[in-house]
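Residue-level listing of the chains:
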Amino acid sequence: MAETLRVENLRTSFLTKWGEVTAVDDVSFSVDAGEILGIVGESGSGKTVTGFSILGLIDPPGRIKGGRILFQDEDLVGLPENRMREYRGKRIAMVFQDPMMTLNPVLRIDTQLIESVLAHDKVDRVTARQRARDALGQVGIPSPDERLASYPHQFSGGMRQRVAIAMALLHRPALIVADEPTTALDVTIQGQILFEVQKLCKESRTALIWISHDLSVVAGLADRVAVMYAGKLVEQGSVDDVLDRPMHPYTSGLIGSLPSNNIRGQPLRQIPGMTPSLLNLSAGCAFRTRCPRADAACLESPPVSVPASGREVRCAHPLVGGGS
Amino acid sequence: MTAPLIEVRNVSRLFVKPIDLAQQIANAFGAHQRPEIVHAVDDVSFAIAEGEVVGLVGESGCGKSTVGRVVAGVLDPSAGQVRFRGRDVAELGSEERRQVKLKTQMIFQDPFASLNPRMRIGMTIGEAPRHHGLVAAEELDAYVDDVMARCGLEPGFKRRYPHQFSGGQRQRISIARALAVKPEFLICDEAVAALDVSIQAQILNLFMKLRAELRLTYLFISHDLGVVEHLSDRVIVMYLGRIVEMAPTEELFRRPVHPYAQALLAEVPRISKRRSRFAPVKGEIPSPLNPPPGCHFHPRCPHALPRCRVEAPALREIAPGRWAACHLNDTP
Ligand SMILES: Nc1ncnc2c1ncn2[C@@H]1O[C@H](COP(=O)(O)OP(=O)(O)OP(=O)(O)O)[C@@H](O)[C@H]1O
Ligand SMILES: Nc1ncnc2c1ncn2[C@@H]1O[C@H](COP(=O)(O)OP(=O)(O)O)[C@@H](O)[C@H]1O
Ligand code: SF4
Ligand code: SF4
Ligand SMILES: [Mg+2]
Ligand SMILES: [Mg+2]
């Protein structure tokens, strides 16, 4: 399989007035063409910063401090902004949680889509308009011609998100990074978008990174999943391996706490404690204070083990054969 | 049979969206722009028995929060009545009405917005019981400690301010504040939606523990069907201001009757559903400003009959305890 993206030992940090925050710490993963990788984690675990790092959208006081981001074998880290801009939107696209990050409220949809085509490709307006119409059709917007002449505020949230996805598709990018694009949407609308996205990736061989805090969405959509906790990638593998046979105590605890994995009406198995602040992370495993398997070994930075190709876990005492 | 704790009878609630300045100017030049009317809640009836947990689900804007606020007495219904222990709350005297209001407490999605940022949390929790004379002044301190401990908060935190807590802890604080007035009935409006998954389970467990310890009754509003399924005895499904189905939880999840409820349950992502082939319900959720005539669901319904376009189906009991509003139930 052709590898579209390989992230190696990525470290991204922010300088705040309370000190340096390492939002993404030694993160490595890869995505193949046509593959969907889900990145899951709690609020503040570093999912968005990972996505922004790939797109070169980290601005001061943030900085990529280490690692490589190999996109089709070229390292994007340290690429000058003008070169990065050629990639962004054309070969790598991002879909944000809030579609208005992508859409301009005062421009008609057709104007925005056509401008976006023309920004990267030297085609005439008629061709550009045709491409815009095709992209809207692909994301399931009915009667695109009529819709093209509307402004973003005339669309519902779900429609706006579809337009933002259509915008991401315009140049048939090799990679799309989608950050919680359906989190704010209703389930029936989310279902429609997941359906279109899944179909598109498989048909066009686009590599997709789908960021979400919702394990259940990722379970239905992704081929592989990576779990982040406090800036680190703690576990990754195929969806079936990670969700059926989690090896990291955090993943296992998270899966165990879902209502659907508990007896109706009985207390839910819960992970005790709370998410640590990245500001005063002590050495060792950040999950230590909440982990039932923690011992003295966990005071050291836990090792990454690779039980099989593409399967990784960062833990001193990984669970074997899954179970919680 | 004793009267239910809460009974909602034919409640409707309209909101009038006043015309904006541009429309007023247009009217001055002869246009006829009228204020827009939203039927946020349209002829809704249900009852909640003492000690019962009733889940209220539906997509955003379908009227869940409005139902919650009407039941809590913070919003008056435009029509219909809310009865507490068999008595219409609109007809109670002011003292009795105050009592009923105290017995019903609401917990919201965003605890930060509902906590006073400049008040120490001990005060936040102790203020209402002191004000309403529920606890003697000399016992207040110990009482607050007790309520906090019950909600999993260290009494030592009393002198801190809300910003010094995590989201999960803040939700515990707002639960403690609600419990401090000794309510019988809690209305939780998306009370775990803003919390991280690992914290959600802790708060849901707290709700279940409090139910058992204090014999509380709940109206649990959520768009998260997994959470509602876990916690509720019965579930009400709303669509665009109306109840479309109402059933015991297990029966609803096993075999939903209403086409919308069927679609909604089919779309719920579950961790056991891998590489799903999402079979989406067609169409957008219509605007509540301009809902489709007849059955509101007809433009998206795969089974719509000609009569669905003109005639709104009534909510009827189709089997003991199972209610649905769909014309399909009329055809034998
Ligand atoms: N511009 C910034 N300045 C300072 N710190 C930042 C900045 N952006 C992100 N961070 C910090 O980096 C960490 C990771 O943030 P990130 O937005 O990637 O989390 P996330 O996993 O996407 O969370 P969520 O689920 O809430 O979107 C957090 O501690 C956050 O506060
Ligand atoms: N104070 C208000 N003024 C005007 N419209 C309102 C008000 N509160 C709610 N609405 C409208 O009523 C409908 C139902 O809202 P709500 O009860 O908040 O839905 P839900 O909680 O199910 O998302 C929506 O169309 C909403 O915009
Ligand atoms: S390294 Fe130790 S504390 Fe961290 S998850 Fe593994 S067992 Fe738990
Ligand atoms: S009444 Fe008609 S349109 Fe409405 S849900 Fe039933 S079959 Fe569908
Ligand atoms: Mg984020
Ligand atoms: Mg609401």
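About the criteria used
- Residues numbered from 1 in each chain as written.
- Chains lettered and ligands numbered in written order.
- Predicted model: local features only at pLDDT ≥ 70, side-chain atom pairs only at ≥ 80, totals over all residues.
- Heavy atoms only, no water.
- Helix = DSSP H or I, 4+ residues; strand = E, 2+ residues; numbered from the N terminus.
- Rg over C-alpha atoms; globule rule 2.2 N^0.38 Å.
- Buried < 20%, exposed > 50% of the residue type's maximum accessible area, 1.4 Å probe, protein only.
- Contact = heavy atoms within 4.5 Å.
- Areas by Shrake-Rupley, 256 points an atom, 1.4 Å probe, with all protein chains shown as cover.
- Pairing = 2+ DSSP bridges.
- Axes fitted to C-alpha atoms, helices over the stretch in contact; angles between N-to-C directions.
- Buried area = accessible area lost by both parts, 1.4 Å probe.
- Salt bridge = Lys/Arg side-chain N within 4 Å of Asp/Glu carboxyl O.
- Polar contact = N/O pair within 3.5 Å; in protein donor to acceptor, adjacent residues only side chain to side chain.
- Patch = residues over 30% accessible without salt bridge, like charges linked within 9 Å, V, L, I, M, F, W, Y side chains within 5 Å.
- Near = heavy atom within 4 Å.
- Nonpolar A, V, L, I, M, F, W, Y, C, P; charged D, E, K, R; others polar.
- Parallel < 35°, antiparallel > 145°, perpendicular 65-115°, else oblique.
- Left-handed = near helix turned anticlockwise from the far one by under 90°.
- pLDDT = per-residue confidence, 0-100.
- Phe/Tyr/Trp six-rings, centres within 6.5 Å; stacked < 30°, edge-to-face > 60°.
- Lys NZ or Arg CZ within 6 Å of the ring centre and 35° of its normal.

## Topic: the overall build of chain B
In step 1: Helix and strand counts for chain B come out as 11 helices and 12 strands.
In step 2: The globule rule puts the C-alpha radius of gyration for 332 residues at 20 Å, and the 22 Å found for chain B is close to it.
In step 3: Expressed along its principal axes, the backbone C-alpha trace of chain B runs to roughly 70 × 60 × 45 Å.
In step 4: Here chain B holds 332 residues, and the buried ones make up 51% of them.
In step 5: Across chain B, contacts joining residues at least 24 apart in sequence account for 67% of those joining residues at least 6 apart.
In step 6: Only carbon and sulfur atoms are counted for the fraction: they give 53% of the accessible area of chain B, which is about 15,600 Å².

## Side note on the sheet that holds strand 2 (residues 19-32) of chain A
Across a sheet, paired strands are connected by hydrogen bonds in the backbone, their directions being either parallel or antiparallel.
Residues and elements named next belong to chain A.
In step 1: Here we have four strands laid out as an open sheet, ordered 2-1-4-5, and antiparallel in their pairing. With one partner strand each, in any of the chains shown, strand 2 and strand 5 (74-75) form the two edges of the open sheet.
In step 2: Set on the sheet, helix 1 (residues 47-54) makes contact with strand 1 (3-16), strand 2 and strand 4 (62-71); between it and strand 1 the angle comes to about 115 degrees.

## Remarks on unusual backbone geometry
Residue and element names in this part refer to chain A.
In step 1: Following proline 60, the chain continues to proline 61 via a peptide bond in cis, the omega torsion being 10 degrees.
In step 2: Positive phi outside glycine occurs at asparagine 9, with the angle close to 50 degrees.
In step 3: Inspection of the secondary structure assignment puts asparagine 9 in strand 1.
In step 4: A residue is classified by how much of its surface remains accessible, and asparagine 9, at 43% relative accessible area, is partly exposed.
In step 5: In this structure, arginine 205 is a non-glycine residue whose phi angle is positive, near 60 degrees.
In step 6: With respect to the element layout, arginine 205 can be found in the loop between helix 7 (187-204) and strand 8 (207-212).
In step 7: Judged by its relative accessible area of 44%, arginine 205 falls in the partly exposed class.

## Examining the interface of chain A and chain B
In step 1: Taken together, the contacts link 49 residues of chain A with 37 residues of chain B.
In step 2: Between chain A and chain B, roughly 3,600 Å² of surface is buried when both sides are summed, and carbon and sulfur atoms account for 55% of that area.
In step 3: Considering only the side of chain A, the residues that lose the most area to chain B are Val187(A), Thr188(A) and Arg264(A), jointly responsible for 19% of the buried surface there.
In step 4: Taken together, chain A and chain B are joined by three salt bridges.
In step 5: Residue Arg274(B) is joined to Asp244(A) by a salt bridge in which the shortest nitrogen-to-oxygen separation is 2.9 Å.
In step 6: In this assembly, chain A and chain B are joined by 17 residue pairs in polar contact (both at pLDDT 80 or more).

## Looking at the sheet that holds strand 8 (residues 217-221) of chain B
Residues and elements named next belong to chain B.
In step 1: A sheet is described by the order of its strands in space; here eight strands give the open sequence 6-7-8-3-9-10-12-11, paired in mixed fashion. Edge positions in the sheet fall to strand 6 (104-107) and strand 11 (316-319), since each has one partner strand and no second. Averaged over all pairs of adjacent strands, the angle between strand axes in this sheet comes to 20 degrees, irrespective of strand direction.
In step 2: In this structure, strand 7 (residues 185-189) lies alongside strand 8, joined through five bridges in parallel fashion. When the sheet's bridge partners are listed, aspartate 189 is paired in strand 8 with isoleucine 221.
In step 3: Against the sheet, helix 8 (residues 197-214) makes contact with strand 3 (53-57), strand 6, strand 7 and strand 8, and its axis sits at roughly 155 degrees relative to strand 8, the strand it touches most.

## Regarding a nonpolar patch on the surface
In step 1: Judged by side-chain polarity, Leu14(B), Val16(B) and Ile37(B) come together as a nonpolar surface patch covering roughly 240 Å² of accessible area.
In step 2: Checked against the element boundaries, Leu14(B) lands in strand 1 (residues 6-17).

## Things to note about the site of ligand 1
All names here are of chain A.
In step 1: Of all residues adjacent to ligand 1, which total 13 residues, the nearest are Ser43, Gly44, Lys47, Thr48 and Val49.
In step 2: Between serine 43 and ligand 1, the recorded distance is 2.7 Å, taken from a side-chain N or O atom to an oxygen atom.
In step 3: Within the backbone of glycine 46, one N or O atom sits 3.0 Å away from an oxygen atom of ligand 1.
In step 4: Starting from 640 Å² of accessible surface for ligand 1 in isolation, the protein chains cover 63%.
In step 5: Elements with a minimum of two residues in the shell around ligand 1: strand 1 and helix 1.
In step 6: A breakdown of the residues in the shell around ligand 1 according to their chemical character gives four nonpolar, six polar and three charged.

## Things to note about the packing of helix 6 (residues 157-169) of chain A against helix 7 of chain A
All names here are of chain A.
In step 1: Direction vectors running N to C along helix 6 and helix 7 enclose 10 degrees, while the axes themselves pass 10 Å from each other. Classified by the interaxial angle, the pair formed by helix 6 and helix 7 is roughly parallel. When the axes of helix 6 and helix 7 are compared, the crossing they make is right-handed. Touching Gly158, Gln161, Arg162, Ile165 and Leu169 of helix 6 are Ile189, Gln192, Ile193, Val197 and Leu200, all from helix 7.

## Details of helix 5 (residues 121-131) of chain B
Residues and elements named next belong to chain B.
In step 1: Of all the positions in helix 5, only Ile121, Gly122, Thr124, Ile125, Gly126 and Pro129 are classed as buried.
In step 2: Where helix 5 is buried, its residues contact helix 6 (140-150) and helix 7 (167-179).
In step 3: Of the residues one or two after helix 5, glycine 133 is the one with positive phi, at around 65 degrees.

## A word on the pattern of salt bridges
Residue and element names in this part refer to chain A.
In step 1: This structure, assessed with the given rule, holds 43 salt bridges over all chains.
In step 2: One salt bridge connects arginine 83 with glutamate 86, and the closest N-O pair in it is separated by 3.7 Å. Here the residue arginine 83 and the residue glutamate 86 both occupy positions in helix 2 (residues 81-87), the gap between them amounting to three residues, near one helical turn.
In step 3: The class of arginine 83 is partly exposed, set by a relative accessible area of 31%.

## A word on the confidence of the model for chain B
In step 1: For chain B, per-residue confidence averages 91 on the pLDDT scale, and residues scoring 70 or more make up 96% of the total.
In step 2: Scored as a whole, the predicted complex attains pTM 0.89, and scored at its interfaces, ipTM 0.86.

## Some points on the pairing of strand 2 of chain A
In step 1: Direction of pairing for strand 1 of chain A relative to strand 2 of chain A: antiparallel, over a ladder of 11 bridges. Across the sheet, the residue bridging to Ser13(A) is Thr22(A), located in strand 2 of chain A.

## As for the side chain of Asp25(A)
In step 1: Mapped onto the elements, Asp25(A) comes out in strand 2.
In step 2: Here Asp25(A) is in contact with Leu10(A), Arg11(A), Gly231(A), Lys232(A) and Arg314(A), once residues within four sequence places are set aside.

## A closer look at the packing of aromatic side chains
In step 1: For the structure on display, the rule yields 11 aromatic pairs over all chains.
In step 2: Relative to Tyr218(B), the ring of Phe207(B) lies with its centre 5.8 Å away and its plane at 80 degrees, an arrangement referred to as edge-to-face. Here Phe207(B), found in helix 8, pairs with Tyr218(B), found in strand 8; they are 11 residues apart in sequence, far enough to count as distant. Tyr218(B) carries the same exposure label as Phe207(B), and that label is buried.
In step 3: With a centroid separation of 5.9 Å and an interplanar angle of 80 degrees, the aromatic rings of Phe207(B) and Phe220(B) are classed as edge-to-face. Here the residue Phe207(B) occupies a position in helix 8, and Phe220(B) occupies one in strand 8, the gap between them amounting to 13 residues. By the burial criterion, Phe207(B) is buried, and Phe220(B) matches it.
In step 4: Of the aromatic side chains, those joined through ring pairs into one cluster are Tyr229(A), Tyr250(A) and Phe287(A).
In step 5: One cation-aromatic arrangement involves Arg160(B) over Phe165(B); the distance from NZ or CZ to the ring centre is 5.9 Å.

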